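Residues per chain, in single letters:
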Amino acid sequence: MNNVVVGEGQEMAMSQTITISPVTRIEGHAKITIHLDEQGAVEDARFHVNEFRGFEKFCEGRLMWEMGGITSRICGICPTSHLVTSAKAGDDILAIEIPETAEKLRRLIILAQWVQSHALSFFHLSSPDFLLGFDADPSARNVFGLLAEHKEFIKRGIRLRKFGQEVIEILGGRKIHTPWAVAGGVREPFEPAKKDYLLNWIPEAKETALLALDELKKIHSKFKRDLPNFGNFRSLFVGLVAKDGALEYYDGLLRIMDAAGNTIADKLDPKRYFDFFGEATEQWSYLKFPYYKPLGYPDGMYRVGPLARVNVCDYIETPRAEAERILFKSIAADAGVVNNSFYYHYARLIELLFAVEKIEMLLNDPAIVGEHIRAKAMINRSEGVGVSEAPRGTLFHHYWVNDDGVLQKVNLVIATAQNNLAMNRTVRQIAMRYIDGKKITEGILNRVEAGIRCYDPCLSCSTHAIGQMPLHLQLFNAHNELLDEVAR
Amino acid sequence: MKDALVIGFGNTLRSDDGVGVWIADKIADLEIPGVDVRTCHQLNVDLAADIAEYKKVVCIDASSDGNPVAYRQCKSEAPSLLPNGHNIGPEALARMAYELYGATITFNLFTVRGESFEFGHTLSPSVENSARRAVNAIAAFLRQQSSAISNMPLFSTETV
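Note that the structure is a prediction, hence the values are computed from the model and not measured.

Scoring rules and cut-offs
- Residues numbered from 1 in each chain as written.
- Chains lettered and ligands numbered in written order.
- Predicted model: local features only at pLDDT ≥ 70, side-chain atom pairs only at ≥ 80, totals over all residues.
- Pairing = 2+ DSSP bridges.
- Helix = DSSP H or I, 4+ residues; strand = E, 2+ residues; numbered from the N terminus.
- Expected span 1.5 Å × (residues − 1).
- Buried ≥ 20, exposed ≤ 12 C-beta atoms within 10 Å, placed from the backbone.
- pLDDT = per-residue confidence, 0-100.
- Contact = placed C-beta atoms within 7 Å.
- Axes fitted to C-alpha atoms, helices over the stretch in contact; angles between N-to-C directions.

*Asks:* Report on the sheet that holds strand E8 (residues 253–257) of chain A, specifying residues and quantitative values.
*Replies:* Residue and element names in this part refer to chain A. What the 4 strands build is an open sheet, ordered E9-E8-E7-E12; its pairing is mixed. If you trace the sheet from one side to the other, it starts and ends with strand E9 (263–268) and strand E12 (302–303), each paired once. Here 2 bridges tie strand E7 (residues 236–241) to E12, and the two strands are oriented parallel to one another. Considered in E12, the bridge of Leu236 is made with Tyr302.

Take a look at the structure:
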């Protein structure tokens, strides 16, 4: 089998395998291979993750209290989600209920994380696709290409992201990975003097979020031709919801919905995640493939993140975001859920608006400036699970400790991995629609990459289980004969 | 405009990859008047607005090859590589500061060659030595003694 590499310095020849590497504008390193049959039609497509990181093994033997500082350094994009989720796992080990103010402060910082991450995803990573089109000149289809005509739009995006960052820095300090959230609560209270500074920023942040929503809705019609084949398939959706069914981001219970909008499992205790979800491995990727156990692998494919969260919740507690959610749901028509991954962007912006609105509510809550911020206890359990909704989806931290709080085992289940099956399905669908076996145009390349970007994957924290994942290299000749194979 | 911003970045869980943060922390300890210091895991677009407020910007990063300590400059108005992924390179960040905010500043990029990028909190001994030399040179540079850089044989200098 001949291999053809397309991407940095593209080339194409008679081929059975097309490789797109690296995938641009997503975090970490990945490649996509598209496998053609003898007739040149797409047989399969795979999203490979080649970067291997063994954080879980690295954490073993360390003290539980260090985990916030360590896990928040896994990722430069969503450190706060890891920080808070780690602290929640610590709460569970201490068997402790944290003070009201501490919970509200943690909620505030998680929402700020959503703002900065969602703003980056939309304004700077995906908007070149939307505003310039998939068939635009690749030398201009990037954030610099937008500057000529969309400078103010980009600047607004930067300001919005900066708002999120500012909330995080005011709460957690200048250093992005500071272990501000700890088992039992948080280390520092919120300075009342900063409240007005942030509240004064809210109108602009809200306006920018609404502007982004307006722009995106205008853009949808431009991509009508692409939409039917852009991650449009049936899957399960998983997300946390509050006890009353509201969109949840910090706590709550798991809800699982099928592609027809039926709730197939509800009010699941997220601390029992291992009862519901399994993790499969494939030889061609370091990234695991989580699935819903009752349906098996790969039928138990599910999606997490904005699309899933907005799909599974009954309502959103802030007014403008709720109005948008209702509009969003109208896309689903009779299906009950929106099954097309292209609408991750739409759902992400609804969440962005919600986060800004909810930050305003929290800042106006008198409890946010309370001084009781941390409860203390000894080790009271040998294991603990923390869960929250990171920007990309549900995040689980599971720690096992000895009586001294030394970590014996760590398991991190991150959002990008949970979307792995769906990302592969998306790539395959796009490839089947656009690849004809003769040539790859920039437009096709862009669409495949944009399909992945719907999920805004962040791969720097998504690979784990050192020593267990297979490394598999295969060498094929032009006749599809296996010449060499290395597996370890 | 403010005088100078120092940005040290890298992954402090990956041994020598965190050398930029290590150096920036040492520079912060010196409390040089007019110099603000930031550390981060990786550069990002919102820094474009921050750097536009400064006359001089110093970025410090680890490198996987080249001289033990290297220095180069880039002009914010010079063409640059595209941002790629959630993070952004120093040159692209400089370019964004120029395009978005009209910042015509010179970016000063210092790199220290790492030896180990495995999991770990500490620097390799030889890298720590290089980092200490870099701290001295950067501090001198920030105190307007830029000749301190070109006079140091360990530094490669290049203007982009």
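Moving on, there is more to tell.
*Asks:* Give a detailed account of helix H1 (residues 19–30) of chain B, specifying residues and quantitative values.
*Replies:* All names here are of chain B. In this model H1 runs 17 Å from its N-terminal to its C-terminal C-alpha over 12 residues, within 8% of the 16 Å that 1.5 Å per residue would give. Among all positions of H1, only Val19, Gly20, Val21, Trp22, Ile23, Ala24 and Ile27 are buried. The first or second residue beyond H1 is Glu31, which carries a positive phi of 50°.

*Asks:* Can you explain the confidence of the model for chain B? Please cite residues and give values.
*Replies:* Residues and elements named next belong to chain B. For chain B, mean pLDDT is 84; residues scoring 70 or higher make up 83% of the total. Ranking the elements of chain B by mean pLDDT puts strand E6 (residues 155–159) last, at 45, and H1 first, at 96. Confidence drops under pLDDT 50 across residues 152–160; counting only partners more than four residues distant or on other chains, this segment forms 25 contacts. Reported confidences for the modelled complex are a pTM of 0.88 and an ipTM of 0.83.

*Asks:* Tell me about the sheet that holds strand E14 (residues 393–401) of chain A, and please be specific about residues and values.
*Replies:* Strands in a sheet are paired, the pairing made by backbone hydrogen bonds, and the direction either parallel or antiparallel. All names here are of chain A. The 3 strands are arranged E13-E14-E15 in an open sheet whose pairing can be described as antiparallel. The open sheet terminates on both sides in strands that have one partner only, identified here as strand E13 (383–390) and strand E15 (407–413). Across this sheet, the average inter-strand angle for adjacent strands is 10°, counted without regard to direction. Direction of pairing for E13 relative to E14: antiparallel, over a ladder of 8 bridges. Bridging from a neighbouring strand, Ala390 pairs with Gly393 of E14.

*Asks:* Hey, could you go over the pairing of E8 of chain A for me, with residue numbers and the actual values?
*Replies:* All names here are of chain A. Along E8, 4 of the 5 residues are buried, which leaves the element largely enclosed by surrounding structure. Inspection of the sheet shows E8 paired to E9 by 3 bridges, in the antiparallel sense. Looking at E9, one finds that Ile256 is bridged to Ala265. In sequence, E8 turns back onto E9 through a hairpin of 5 residues, with Gly261 there showing a positive phi of about 90°.

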